[in-house]
Every structure is written in structure tokens, then in C-alpha cells.
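Summary of structural features
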Amino acid sequence: MTRIQKYMAATAVAVALVGAPAVSYAASQGKAVSGTHQRVTEARTAIAEAAAKKAPTAQIVAPGEHVKVPGGAEIWLTEEGKYWTTPESPEPQFRSVVDGNIDLTQPGVSMQTEGVDGHYFLSGLYYGGKGTASRVEVETKAGTVHGKLLELAGRPGWGVWYATAEVPAGDDKGGLDYFGAVTVYTTHGKVYSQLKLN
């Protein structure tokens, strides 16, 4: 074997010895990065689940149980739907969930608005969404209004939301152009159902 051949063989062995640990180190680093990513994903999932458990949910009411709303309105639920009264309209009003006018298998929100004690009394049905309803927001030209949710026990697939909002100066008719959207969110912060008005 010539001197050049010996040199070439020795170089090949050196490259093989130096390259092997480098490949092994790179592989171990890849496993470490992959393991870290998995742990971060698991931690995020655990945080989201913990937040969902602490998120508010609808108030569970018995059929016919009256819930008083600031300003004098009252709401109650039966298996047939939503009832409510206001000081200006003491005769019960009603929105059915069983008359075929709404499809409980599709996400939806309805809204009724009335003037009560210098405010808007806002309420409606929500239904058909995926997940557990947690909160409701009503967009108005003056900002976001936060409301409350009511449901009967047993996860019937629908509930009632309500809120009160300021009446804008010079508006005594309660025009719907004042409102942008009604959105019900789940405990995970996703949209359960939504009504876009403008």
C-alpha cells in the first residue's frame, strides 16, 4: 500500500469516527425537541380543560321558575319554550321551541328587545350549538353588553339568554340598527351560536 493510499484510508476512518457521534447527537436532539413539543401540547390541553371547567355555564332553573331581571322583567322556562313579562307588558309573552319555527339541530339565536325602566331589556332563545353554552355577548354601537343564560336541567339542546343595555340618547323606539350581533360562546371560548343583525 502506497503512502497516499494509507493516508486516504486513515482519513476515511477518521471521518467515520468523527461523523458517527455527530449523527447520534443530532438524532438525540431531534428526539428531545419532539418530546418537548409533545409536553408543551399536553400542557396547553390541560390548561384549556382546566379553564373550561372553571368557565361559567347557564343557570339551571326548574320548569316555571321565575327569574327576575333588573328593571322589573321576569323570565321563566317550560319544556315548550320561553315566557316573559315586563312592567309595561304584564301579560306573559311566549316563544316556542316545539312549534316547528326553529330547528334545534342547527345553531341559532333569536332576539326580542323592549324598553324597560329606561333601558333595553334584551332576551331570546339559543339552540343547536356544539359544546356547553357558557356566556353571551351583545354587540351594540355603545360597546359590548354581557348577558346571562338560563337552561332547564337535562341538556335540552336550547336555553334562554337575557341582558340589559343602555338606550342611546334620542332613541325611544329600540331600533335594531343599534345592535350588531348576539353571540353565545362555549366553555372553551368557541361560538356556540350567533345572530348577526347588522
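Further up the page is the structure itself.
Anyway, here's the lowdown on the structure attached to this text. (Residues numbered from 1 in each chain as written. Predicted model: local features only at pLDDT ≥ 70, side-chain atom pairs only at ≥ 80, totals over all residues. Heavy atoms only, no water.)

So, on to the overall build of the protein. Tallying secondary structure elements over the protein gives 1 helix and 13 strands in all. Along the protein, helices and strands appear, N-terminal first, in the series α-β-β-β-β-β-β-β-β-β-β-β-β-β. Burial status across the protein gives 34% buried among its 198 residues. The contacts of the protein with a sequence gap of at least 6 include a subset with a gap of at least 24, amounting to 55%. Surface summary for the protein: the accessible area is close to 12,200 Å², and the carbon and sulfur share equals 57%. (Helix = DSSP H or I, 4+ residues; strand = E, 2+ residues; numbered from the N terminus. Buried < 20%, exposed > 50% of the residue type's maximum accessible area, 1.4 Å probe, protein only. Contact = heavy atoms within 4.5 Å. Areas by Shrake-Rupley, 256 points an atom, 1.4 Å probe, with all protein chains shown as cover.)

Attention now moves to unusual backbone geometry. With a phi close to 55°, Asp117 is a non-glycine residue in the positive phi region. For Asp117, the location among the structural elements is in the loop between strand S7 (112–116) and strand S8 (119–127). For Asp117, a relative accessible area of 57% gives the class exposed. A positive phi is found at Arg155, a non-glycine position, where the angle reads about 50°. Among the secondary structure elements, Arg155 is positioned in the loop between strand S10 (143–152) and strand S11 (158–166). Using a relative accessible area of 63% as the deciding quantity, one classes Arg155 as exposed.

This part is about the pattern of salt bridges. Inspection of every chain in the model, using the stated rule, returns 1 salt bridge. Among the ionic pairs, Glu137 bridges to Arg135, the shortest N-O distance being 2.7 Å. (Salt bridge = Lys/Arg side-chain N within 4 Å of Asp/Glu carboxyl O.)

Before going further, it helps to examine the packing of aromatic side chains. Overall, the coordinates contain 6 aromatic pairs when judged by the stated rule. Residues Tyr178 and Phe179 carry aromatic rings whose centres are separated by 5.1 Å and whose planes lie at 80° to one another, so their mutual orientation is edge-to-face. Exposure remark for Phe179: the relative accessible area of 1% places this residue in the buried category. Among the aromatic side chains, those forming a connected cluster through ring pairs are Trp76, Tyr83 and Phe94. (Phe/Tyr/Trp six-rings, centres within 6.5 Å; stacked < 30°, edge-to-face > 60°.)

Spatially, 4 strands are ordered S2-S3-S4-S5 in an open sheet, and the strand pairing comes out antiparallel. At either end of the open sheet lies a strand with only one pairing partner, and these are strand S2 (67–68) and strand S5 (93–96). Both strand S4 (residues 81–85) and S5 contribute to a ladder of 4 bridges, which runs antiparallel. Bridge pairing links Gly81 to Ser96 in S5. (Pairing = 2+ DSSP bridges.)

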